[in-house]
Amino acid sequence: MIKKPIHHSRPDNQRVVITGMGAITPVGNDLDTIWQNLINGKSGITKIDSFSDKIDIGEFRSQIAGLVKDFDAREFLNPKEIRRFDEFMHYAQVVAAQALYHAGLIDDIKGDSLPINVDGKRFGVVMGSGIGGIGTIENSRDTLKAFGAKKVSPFIIPGAIVNMPAGLIAIRHALKGANLATSTACTTSTHAIGLGARLIAYGDLDAVLVGGSEKASTPLGLAGFGAMHALSTRNDEPTKASRPFDKDRDGFVLGDGAGALVLESLAFAKARGATILAELVGFGMSDDASHITAPPDNGEGAKRAMQNALNDAGLNADMIGYVNAHGTSTPAGDVAESRAIQALFGDDILVSSTKSMTGHLLGAAGAVEAIFTILALQHQHLPPTINLDNPDERCTLDYIAHTARSVNNVNYAISNSFGFGGTNGSLVFGRFA
């Protein structure tokens, strides 16, 4: 029996804390709005009215998405950057600035150059995407076909590749310690967070800006996932379409957005007088090694990822009070994850899927949901799983259906992400004391 979590016995330069967060999501573009909408069970999923290139939305199996609303990149970025780089990069740069500002490391979120106020040579960035600039690729292909090779922009490659958000963020904020990107499908930004934490714990860096960004609600993105029969086709009821653990679920809803967190060693955060929001106490990974899209029925890979995260933290399963589930609203995935959670934590664990409100943000999901999990720990209020009207008989846990729940003793929580190719990741966050 472990009486004291391992992370409490680590030196301060190896303990990893969160000091800043930023997010752009279908339920809001600032932390206060996002939190209020989550707690009130407000869905951000809407009907897609049309595409700008006049492709008929009626031809698509799924015609709904968790779209970002009321976001204007011109408020934050210069016109050249907006024109040259894909929209997922716009999101990434803005959430990075939000998180750095929240952490007290920059004085503004608007401007071409916003260097941090600490030594950039010990400060890195790990920012990923599952899909990357699919919209830019689509548009460039159209240009090539219509006007020929000479009319293709020289920015098509840097404007679409997955690692460019990290590069742009590093340039804008003079982060010189490391510049990395992850791309592991829907586990992308969970892995980015875990990798950033290990860079700190191994002594390579003092702090890392981590996260993920996605803008895949494009014609090709929607058509591709639709062709896989992966998406919900509840087109007439968009706010009810994402229904994790419900027996009437019929697939996930594509979502757009981004999330970023500032990770620091506890020693570094203390030395600069930072406000500490939570501690990242454990990170675990695994691989299903079974199928390109479907998890094993028993959720064995998901269970190992969570167990590995507990082992990293030195926590017993009964010390976890809440799981922010991957919970995508797919027929197979929800059952597998439920079985994994139940096998590890028993019947009394509290679980919810915030994807019921945001849809699935793919490579950005892990970072955004990590932020949701930290907010839940801070407020001691757990967001609900909306639309859980008729629970699947194979999903028998307490999923906090419909209404958020106040708690007073949840000190540790897990955030899960599982992706195509069988890649799994779990993060354990703790209230800081």
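Here's what I pulled together on the structure shown here. The residue numbers shown here count from 1 along each chain, following its written sequence. Reporting of local features is limited, given that this is a predicted model, to residues whose pLDDT is at least 70; pairs of side-chain atoms are given and counted only at 80 or more, and all residues count toward the totals for whole chains, interfaces and linings. The basis for the side-chain values is all heavy atoms of the structure; hydrogens and waters are excluded.

### Observations regarding the pairing of strand S1 (residues 16-24)
Accessible area is worked out with a 1.4 Å probe on protein chains only. A residue is then buried under 20% of its type maximum, exposed over 50%, and partly exposed in between. Segments assigned H or I by DSSP are reported as helices when at least four residues long, segments assigned E as strands when at least two residues long, and all are numbered from the N terminus. Counting buried positions along S1 gives 9 out of 9 residues, so the element sits mostly inside the fold. Inspection of the sheet shows S1 paired to strand S8 (residues 278-287) by 3 bridges, in the antiparallel sense. Bridge pairing links isoleucine 18 to alanine 278 in S8. For two strands to be treated as a pair, DSSP must find at least two bridges joining them. Direction of pairing for S1 relative to strand S7 (residues 257-265): antiparallel, over a ladder of 8 bridges. Considered in S7, the bridge of methionine 21 is made with leucine 261.

### Section: the sheet that holds S8
If you walk across this open sheet you meet the 10 strands as S5-S4-S6-S7-S1-S8-S14-S13-S9-S10, and the pairing is mixed. Each having just a single partner strand, strand S5 (179-180) and strand S10 (350-352) make up the two edges of the open sheet. Sheet topology places strand S9 (residues 322-324) next to strand S13 (residues 412-419); 3 bridges connect them, and they run parallel. When the bridges of S13 are listed, tyrosine 322 appears paired with alanine 413.

### Here's the deal with unusual backbone geometry
One non-glycine residue with positive phi stands out, namely asparagine 387, at about 70 degrees. Inspection of the secondary structure puts asparagine 387 in the loop between strand S11 (381-382) and strand S12 (405-406).

### Some remarks on the nonpolar core
Of all hydrophobic cores here, the largest spans 50 residues; its most connected members are Ile18, Met21, Ile193, Leu261, Leu263 and Leu280. The set of elements that each furnish at least two residues to this core consists of S1, helix H1 (31-39), helix H6 (188-201), strand S6 (207-214), S7, S8, helix H12 (365-379) and strand S14 (423-430). Contacts are assigned to residue pairs that have any heavy atoms within 4.5 Å of one another. In this view, isoleucine 193 contacts Val210, Leu261, Leu263, Leu280, Gly366, Ala367, Ala370 and Leu427; residues no more than four positions away in its chain are not counted. Residue types Ala, Val, Leu, Ile, Met, Phe, Trp, Tyr and Cys, when buried and joined through side-chain atoms within 4.5 Å, form a set referred to as a nonpolar core. Tyr91, Ala99, Leu100 and Ile116 belong to the second-largest nonpolar core, a separate cluster that totals 31 residues.

### Structural notes on the packing of aromatic side chains
Within 6.5 Å between ring centres, the rings of Phe, Tyr and Trp (the latter by its six-membered ring) count as paired, and their orientation is classed by plane angle as stacked under 30 degrees, edge-to-face over 60, tilted in between. With the rule as written, the count across this model stands at 7 aromatic pairs. Consider the rings of phenylalanine 71 and tyrosine 91, whose centres lie 5.3 Å apart with planes at 75 degrees: the pair is edge-to-face. Here tyrosine 91 lies in helix H3 (residues 87-102) and phenylalanine 71 lies in the loop between strand S3 (64-66) and helix H2 (79-84), a separation of 20 residues in the sequence. On the accessibility criterion, tyrosine 91 (2% relative accessible area) is buried. Taking 5.4 Å as the distance between ring centres and 75 degrees as the angle between the ring planes, the aromatic pair formed by phenylalanine 225 and phenylalanine 252 counts as edge-to-face. Remark: phenylalanine 252 occurs in the loop between helix H7 (219-227) and S7 and phenylalanine 225 occurs in helix H7; sequence separation between them is 27 residues. Every member of this aromatic cluster is reached through a ring pair, and the members are Phe71, Phe76 and Tyr91. Charge over a ring is defined by NZ of Lys or CZ of Arg lying within 6 Å of the ring centre and within 35 degrees of the ring normal. Taking the ring centre of phenylalanine 76 as reference, the NZ or CZ of lysine 110 above it sits at 5.9 Å.

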